[in-house]
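Listed below are the residues making up each chain.
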Amino acid sequence: MEKSVKFGSYIVIPLKYEKEDFREEILKERFGAYPVSTMDINENVKEMFNGSLNASGSCYKVKREDLCGAFGGANTFGVEKAGHTYSFQVQDSYLYIYFTQVAFLCLQVRYDDMRAIHAICNPGSAVNKARFFVLDQAERAKEFSVEKWLEDFLTPLGLKKFFDGNSSYLLDAYTYLLALFPERFQTLGEMKRLTFNLHQMMPLDTLVEDDSEADIRYVYAVKVQSLNSYRWGCCVASQTISYVVADAEVDIDAEMDVQACDGLPVVTLALYQKYTCLRFTQLISALEGRKMSRIKELKKMMLRFQAFGTVLPAGLSRWHNVKQIYGYILEVNDISTAVSDVSAKVSILAERQEELERSRNEMFINLITLFGVISILASVLDIIQILSGGGTAVWATMIFTNIALVLCIAAVLWVNRK
């Protein structure tokens, strides 16, 4: 079966950045902006990417030459695992930057054997012992580190791995898998079986069954009655989304471009909400060392995120299956709960900060009041000294001044009562 099927994937790698380190000018100079133009999502959602006043993010297309520049333009790679080596290629990829200090590198890879993507991502394990090679122009295999390659590419842009520590860039990656078939699908069961194999990153002709996974959801295209068949189906999980698509031409280049245009914005929009909550948690943890000086900025960012950065499935698209896919990603990652939780944390910290500010203000007011009382006492003593040594004119002036003040106060009180 796999001989007639073509494969491709986007490995969506979560990243983060600090405002002072982020180099947006380098991004704009080196990579072309990639406007979100898909008709699968509504216009107001597209404006979240395309430079509106309250835009939440932006997208850049990263050419293969820029990604593979460290290898002298070579584009044939190998991954070895358990004594077997599988080849793959890196193609044009995409970089999504969101205002909440979250970013995603959508690394496009192509391969002919499903075991290649399994070796690259190593699902279900926190440690990947696979070895990576690049085939240079002299067709000599040279081992390289994926971690160093990604770090060297991302660091000049001010981007870094989302979670600190020694874990791999690929450990928390969300994998977008595609299998392109020459013939349409006759039944939902057929698509369900194939997409589940993709989700497991196993060869399509392998019998794979597992009823223990509770985070699996399936979405299908509408059946074309005249052809009595379906064009695509997908399997949504917490760490993968897997598509089977039919195309008589089996044009993998065109289909990967379609998935980048239509599918990636939906996936990254959901993931950005998940990782924004995790990013806020990181920033909250760092507030204590900064003496809470950034709490107002964090509160403002949270309000903007809630007002303009979150999208409900009902408002995403005119197509029900697109809303289903997006909704399932939110559901299996429990993103709505995460948003509510981190919002509550930021609100509690903001209230605590306001209490501290009120305490400081009250202290200053008390000090000012104390100095005011002392000043009044000094003024009273001065007045007594003046009156004791003054004549009739001084006393008359004092009396008339007090009468005038009393009349003015009475007039004000009368007007206010009216």
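Right above here is the structure, for reference.
Remember, it's a predicted structure, so these values are computed and weren't measured experimentally.

Calculation notes
Residues numbered from 1 in each chain as written. Predicted model: local features only at pLDDT ≥ 70, side-chain atom pairs only at ≥ 80, totals over all residues. Heavy atoms only, no water. Buried < 20%, exposed > 50% of the residue type's maximum accessible area, 1.4 Å probe, protein only. Helix = DSSP H or I, 4+ residues; strand = E, 2+ residues; numbered from the N terminus. Pairing = 2+ DSSP bridges. Phe/Tyr/Trp six-rings, centres within 6.5 Å; stacked < 30°, edge-to-face > 60°. Lys NZ or Arg CZ within 6 Å of the ring centre and 35° of its normal. Axes fitted to C-alpha atoms, helices over the stretch in contact; angles between N-to-C directions. Parallel < 35°, antiparallel > 145°, perpendicular 65-115°, else oblique. Contact = heavy atoms within 4.5 Å. Nonpolar A, V, L, I, M, F, W, Y, C, P; charged D, E, K, R; others polar. Arc of directions from axis to C-beta. Polar contact = N/O pair within 3.5 Å; in protein donor to acceptor, adjacent residues only side chain to side chain.

*Asks:* What am I meant to see in the pairing of strand E1 (residues 6–17) here?
*Replies:* Look at any regular strand and the pattern is simple: side chains alternate between the two faces of the sheet. In terms of burial, E1 is a largely internal element, 11 of the 12 residues being buried. Where E1 and strand E10 (residues 174–181) come together, 7 bridges link them in antiparallel fashion. Across the sheet, the residue bridging to Tyr-10 is Tyr-176, located in E10. Where E1 lies against strand E6 (residues 102–111), 10 bridges are found, and the strand directions are antiparallel. In the strand pairing of E6, Leu-15 is matched with Ala-103. One ladder, built from 3 bridges, connects E1 with strand E9 (residues 159–161); its direction is antiparallel. Across the sheet, the residue bridging to Leu-15 is Lys-161, located in E9.

*Asks:* Would you mind showing me how to read the pairing of strand E12 (residues 232–236) here?
*Replies:* Across the 5 residues of E12, 5 count as buried, placing the element largely inside the fold. In E12, alternate side chains face the same way, and those of Trp-232, Cys-234 and Val-236 on one face and Gly-233 and Cys-235 on the other are all buried. Pairing of strand E11 (residues 217–220) with E12 involves 4 bridges; the strand directions are antiparallel. If you follow Arg-217 over to E12, its bridge partner there is Val-236. Taken together, the 5 bridges between E12 and strand E13 (residues 240–246) define a ladder with antiparallel strand orientation. For Trp-232, the partnering residue across the bridge sits in E13 and is Val-245.

*Asks:* What exactly am I supposed to notice about the packing of aromatic side chains here?
*Replies:* Each aromatic ring pair is described using two quantities: the centre-to-centre distance and the angle formed by the ring planes. Under the counting rule described, the total for this entry stands at 28 aromatic pairs. Measuring from centroid to centroid gives 4.1 Å for Tyr-98 and Tyr-272, while their planes differ by 10°, and the two rings are stacked. With Tyr-98 in strand E5 (residues 84–98) and Tyr-272 in helix H8 (residues 264–285), this residue pair connects regions lying 174 residues apart in the sequence. Of the residues examined, Tyr-98 reaches a relative accessible area of 2% and is grouped as buried. Among the aromatic side chains, those forming a connected cluster through ring pairs are Phe-49, Tyr-96, Tyr-98, Phe-104, Phe-162, Phe-163, Tyr-272, Tyr-275, Phe-280 and Phe-305. For Lys-161, the ring lying beneath its charged end belongs to Tyr-169, and the centroid distance is 5.7 Å. Here Arg-304 stacks its cationic end above the ring of Phe-99, 4.0 Å away from the centre of that ring.

*Asks:* Where do I start with the packing of H8 against helix H9 (residues 295–309) in this structure?
*Replies:* Helix-helix packing is characterised by the crossing angle of the two axes and by the distance between the axes. Viewed as axis vectors pointing N to C, H8 and H9 meet at an angle of 170°, and their least axial separation amounts to 12 Å. The orientation of H8 relative to H9 falls into the category roughly antiparallel. Along the contact surface, H8 presents Tyr-272, Gln-273, Thr-276, Phe-280, Leu-283 and Ile-284, while H9 presents Leu-298, Met-301, Met-302, Phe-305 and Gly-309. Across the contact of H8 with H9, the residue classes break down as 8 nonpolar, 3 polar and no charged.

*Asks:* Even after reading the chapter, I still don't get the environment of Ser-336, so can you show me in this structure?
*Replies:* Following the sequence through the fold, Ser-336 ends up in helix H11 (residues 335–388). C-alpha of Ser-336 to C-alpha of Thr-310: the two residues are 26 residues apart in sequence and 9.6 Å apart in space.

*Asks:* What's the story with the packing of helix H7 (residues 252–262) against H8 in this structure? I'm lost.
*Replies:* In the contact formed by H7 and H8, the axes pass within 4 Å of each other and the chain directions differ by 40°. By the angle class used here, H7 and H8 are oblique. Side by side, H7 and H8 meet where Gln-259, Ala-260, Cys-261 and Asp-262 of the first sit next to Leu-264, Pro-265 and Val-266 of the second. Here the contact of H7 with H8 is composed, by residue class, of 5 nonpolar, 1 polar and 1 charged.

*Asks:* Looking at this model, I keep getting lost on the environment of Leu-135. Mind explaining?
*Replies:* Tracing the sequence through the fold places Leu-135 in strand E7 (residues 131–135). Residue classification places Leu-135 among the partly exposed residues on the basis of a relative accessible area of 33%. Apart from the residues within four sequence positions on either side, Leu-135 is in contact with Ala-74, Thr-76, Arg-140 and Ala-141.

*Asks:* Sorry if this is basic, but what is going on with helix H5 (residues 146–154) here?
*Replies:* Side chains that are three or four residues apart share a direction in an α-helix, a result of its 3.6 residues per turn. Within the sequence span of H5, burial applies to Val-146, Trp-149, Leu-150, Phe-153 and Leu-154. Down the axis of H5, the sector holding all buried residues measures 115°, keeping them to one side. Capping the start of H5 is the job of one residue whose side-chain oxygen sits 3.3 Å from the backbone nitrogen of Glu-147: Ser-145.

*Asks:* Would you mind showing me how to read helix H4 (residues 114–121) here?
*Replies:* Taken across its 8 residues, H4 has 6 buried, putting it largely inside the fold. Of the positions making up H4, those classed as buried are Met-114, Ala-116, Ile-117, Ala-119, Ile-120 and Cys-121. Where H4 ends, the next residue or the one after it, Asn-122, has phi of about 50°, a positive value.

*Asks:* Got a minute to help me understand the environment of Ser-317 in this structure?
*Replies:* Tracing the backbone through its elements, the reader meets Ser-317 in the loop between H9 and helix H10 (320–332). Residue Ser-317 is classed as buried on the basis of its relative accessible area of 4%. For the pair Ser-317 and Asp-40, spaced 277 residues apart in the sequence, the C-alpha separation amounts to 6.0 Å. If sequence neighbours within four positions are ignored, Ser-317 has contacts with Asp-40, Ile-41, Asn-42, Val-322 and Lys-323.

*Asks:* Help me understand the side chain of Arg-110, please; the structure alone is not making it clear to me.
*Replies:* With respect to the element layout, Arg-110 can be found in strand E6. Among the residues examined, Arg-110 registers a relative accessible area of 11% and is labelled buried. Setting aside anything within four residues of it in sequence, one finds Arg-110 in contact with Phe-7, Gly-8, Ser-87, Phe-88, Gln-89, Gln-91, Ile-252, Asp-253 and Met-256.

*Asks:* Teacher, can you tell me more about the side chain of Gln-259 here?
*Replies:* In this fold, Gln-259 is placed in helix H7. Within the structure, the side chain of Gln-259 is placed 2.4 Å from the side chain of Tyr-176, a separation counted as a polar contact. A distance of 2.8 Å separates the side chain of Gln-259 from the side chain of Glu-255, its partner in a polar contact. With near-sequence residues (within four places) excluded, Gln-259 lies in contact with Tyr-10, Tyr-176, Leu-178, Tyr-243, Val-245 and Leu-264.

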